[in-house]
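# Structure assessment
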Amino acid sequence: MYNRLVNMNDYQQAALRTAAPRDKHNELFHLLLGLVGETGEIAEKAKKIVRDKGSDFAQWDVGDITKELGDTLWYVAVIADYFDITLEDVAELNIAKLADRRRRGVLGGNGDNR
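## Points about a nonpolar patch on the surface
- On the surface, Met-8, Leu-73 and Val-76 cluster together into a nonpolar patch covering about 190 Å² of accessible area.
- With respect to the secondary-structure elements, Met-8 resides in helix H1 (residues 8–16).
- Residue classification places Met-8 among the partly exposed residues on the basis of a relative accessible area of 34%.

## Details of the nonpolar core
- By size, the foremost hydrophobic cluster in this structure holds ten residues: Ala-15, Ala-19, Leu-28, Leu-31, Trp-74, Tyr-75, Ala-77, Val-78, Ile-79 and Leu-87.
- If you list the elements that add at least two residues to this core, you get helix H2 (27–52) and helix H3 (62–82).
- Excluding anything up to four places from it in sequence, Leu-87 contacts Met-8, Asn-9, Tyr-11, Gln-12, Leu-73, Val-76 and Ala-77.
- Judged by nonpolar contacts, the second largest core, of five residues, contains Ile-42, Ala-46, Trp-60 and Ile-65.

## Remarks on the side chain of Glu-27
- With respect to the helices and strands, Glu-27 occurs in helix H2.
- One buried charged side chain, Glu-27, makes no salt bridge at all; its nearest oppositely charged neighbour is Lys-24, positioned 4.5 Å away.
- Discounting residues that sit within four places of it in the chain, Glu-27 has contacts with Ala-20, Pro-21 and Arg-22.

## Looking at the pattern of salt bridges
- Inspection of every chain in the model, using the stated rule, returns seven salt bridges.
- In this structure, the salt-bridge partner of Glu-44 is Lys-47, at a minimum N-O distance of 2.8 Å. Of this pair, Glu-44 and Lys-47 both sit in helix H2, three residues apart, roughly one helical turn.
- Taking relative accessible area as the criterion, Glu-44 reaches 33% and is therefore assigned partly exposed.
- Salt bridges sharing partners connect three or more residues here, namely Arg-22, Asp-81 and Asp-84.

## Things to note about the packing of H1 against helix H4 (residues 87–104)
- Look at H1 against H4: their axes get within 7 Å of each other, and the N-to-C directions meet at 135 degrees. Here H1 is positioned oblique relative to H4, judged by the angle of their axes. When H1 is examined against H4, the residues Met-8, Asn-9, Tyr-11 and Gln-12 are found in contact with a partner set consisting of Leu-87, Glu-88 and Ala-91.
- Classifying every residue of the contact of H1 with H4 by side-chain character gives four nonpolar, two polar and one charged.

Each value, and the rule that gives it
Residues numbered from 1 in each chain as written. Predicted model: local features only at pLDDT ≥ 70, side-chain atom pairs only at ≥ 80, totals over all residues. Heavy atoms only, no water. Patch = residues over 30% accessible without salt bridge, like charges linked within 9 Å, V, L, I, M, F, W, Y side chains within 5 Å. Areas by Shrake-Rupley, 256 points an atom, 1.4 Å probe, with all protein chains shown as cover. Salt bridge = Lys/Arg side-chain N within 4 Å of Asp/Glu carboxyl O. Helix = DSSP H or I, 4+ residues; strand = E, 2+ residues; numbered from the N terminus. Buried < 20%, exposed > 50% of the residue type's maximum accessible area, 1.4 Å probe, protein only. Core = buried A, V, L, I, M, F, W, Y, C linked by side-chain atoms within 4.5 Å. Contact = heavy atoms within 4.5 Å. Lys, Arg positive; Asp, Glu negative; His and termini not counted. Axes fitted to C-alpha atoms, helices over the stretch in contact; angles between N-to-C directions. Parallel < 35°, antiparallel > 145°, perpendicular 65-115°, else oblique. Nonpolar A, V, L, I, M, F, W, Y, C, P; charged D, E, K, R; others polar.

Take a look at the structure:
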């Protein structure tokens, strides 16, 4: 069994134990393609629910989506490290950004700097 509370930075360090070295030729490109591939797998599974199950997302296999999200998180963790960014910093900045947007009433809409 594993500890149910995982520190984001501890997760990132664990993920890095299974990553290729940063200086491997084209490694960042490899990581970016992997991230897109994993998110594409999630989208593909969503498409099949729309196509085959009348868009009833209650039928989504939660164990399956959990694994796919984990694969996606692995790529995010390793890409962040490539730029010397911790997952904790990513999470904190994102929460602060969303809280600011909520405070200003601009959660919806377009653009990164709204």
